[in-house]
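Notes for the structure review
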Amino acid sequence: MTETDPTSLLQHVDDTVRADAKSMIRTARAGALSVLTGSPAWPSVSRIGLATDIDGAPIFPMSDLSGRTASLQTDNRVSLLIGEVGAGDPLAQPRITVSGRAELCVQDHHDRVRDRYLARHPKAKLYIDFKDFSLWRLNIERARFIRGFGQAYALAAEDLITKIDTLQDWTAAEAGAREHMNEDHADAVLLYSSVLAGAPQGAWRLAGIDPEGIDLALEDDHRRVWFDAALSGPGDIKSALIQMLTQARKTKAQGDETP
């Protein structure tokens, strides 16, 4: 019996596929992380909380008590499975497995990643600064994206990571804009969520801003809205948010006029 070449079953990757895969990573609350542990090394899988760095790389906290930190210091190759299981056949549900190398976040990188993670998981403030906890970033090298039966895609890092010259240029501007919108413009954040993301009413928060869009969070419900065009730099954040608000108001007004 002739074996099927797995690559022959893969579908063509286009911008829609890239956006769907990025959205799945950007909105994930948790994932299953596989690391190599022991001697000889065997894969070990555990659940981790997730957020994303400004460029879209997964970020997560980890406790030394889990034993995974020591394992990563020996071999930092990891795979991360993302995808919620809903009603119906679990193999018909979308999921993505990203593979790469885990990087310990220190100094300025630690502060940025901590802020981004807490924006998505505010309750993590209870433990994220414990001495046994550290923050990690998964530098993606490749991924396998399954949108459903017969929809398999092989993705490269450039398909998933948003191009940014330097993350530090974005750090202060992104955090400041996010805080300002949540504290002073909750009405605009609600319009982003309810009108553009199709979310139910509630106390939505702006959980992240990046060159390609915004992430929104209300407890366990996390959603994403894309900008019409990628921003050239952090100086474009204000105008992009205003443009998005204008679009949301126009869409809402049109809906209100519909009999």
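Below is a short write-up of the structure. (Residues numbered from 1 in each chain as written. Predicted model: local features only at pLDDT ≥ 70, side-chain atom pairs only at ≥ 80, totals over all residues. Heavy atoms only, no water.)

1. A word on the sheet that holds strand 10 (residues 213-218)
Across the sheet, which stays open at both edges, the 3 strands sit in the order 9-10-11 with antiparallel pairing between neighbours. Since the sheet does not close on itself, it has two edges, and those belong to strand 9 (205-210) and strand 11 (221-226), each with one partner. When strand polarity is set aside, the average angle formed by the axes of neighbouring strands in this sheet is 20°. Contacting strand 9, strand 10 and strand 11, helix 6 (residues 186-196) runs over the sheet at an angle of about 95° to strand 10. (Pairing = 2+ DSSP bridges. Helix = DSSP H or I, 4+ residues; strand = E, 2+ residues; numbered from the N terminus. Axes fitted to C-alpha atoms, helices over the stretch in contact; angles between N-to-C directions. Contact = heavy atoms within 4.5 Å.)

2. Looking at the environment of Glu141
Here Glu141 lies in strand 7 (residues 133-148). Taking the relative accessible area as the measure of exposure, Glu141 reaches 37% and is therefore partly exposed. Every residue in contact with Glu141, bar those within four places of it in the chain, is listed here: Ser99, Gly100, Arg101, Ala156 and Ala157. Within the local environment of Glu141, its side chain forms a polar contact with the side chain of Arg101, the two groups lying 3.4 Å apart. (Buried < 20%, exposed > 50% of the residue type's maximum accessible area, 1.4 Å probe, protein only. Polar contact = N/O pair within 3.5 Å; in protein donor to acceptor, adjacent residues only side chain to side chain.)

3. Structural notes on unusual backbone geometry
A negative phi holds for most residues other than glycine; trans holds for most peptide bonds. Here the bond from Ser39 into Pro40 is cis, since omega is 0°, no more than 30 degrees from zero. With respect to the helices and strands, Pro40 occurs in the loop between strand 1 (30-37) and strand 2 (42-49). Backbone geometry at Gln107 places phi at a positive 50°, although glycine is not the residue there. Considering the arrangement of structural elements, one finds Gln107 in helix 3 (residues 107-120). Of note, Glu219 is a non-glycine position whose phi angle comes to about 55°, a positive value. With respect to the helices and strands, the residue Glu219 is situated in the loop between strand 10 and strand 11.

These figures capture arrangement, not role.
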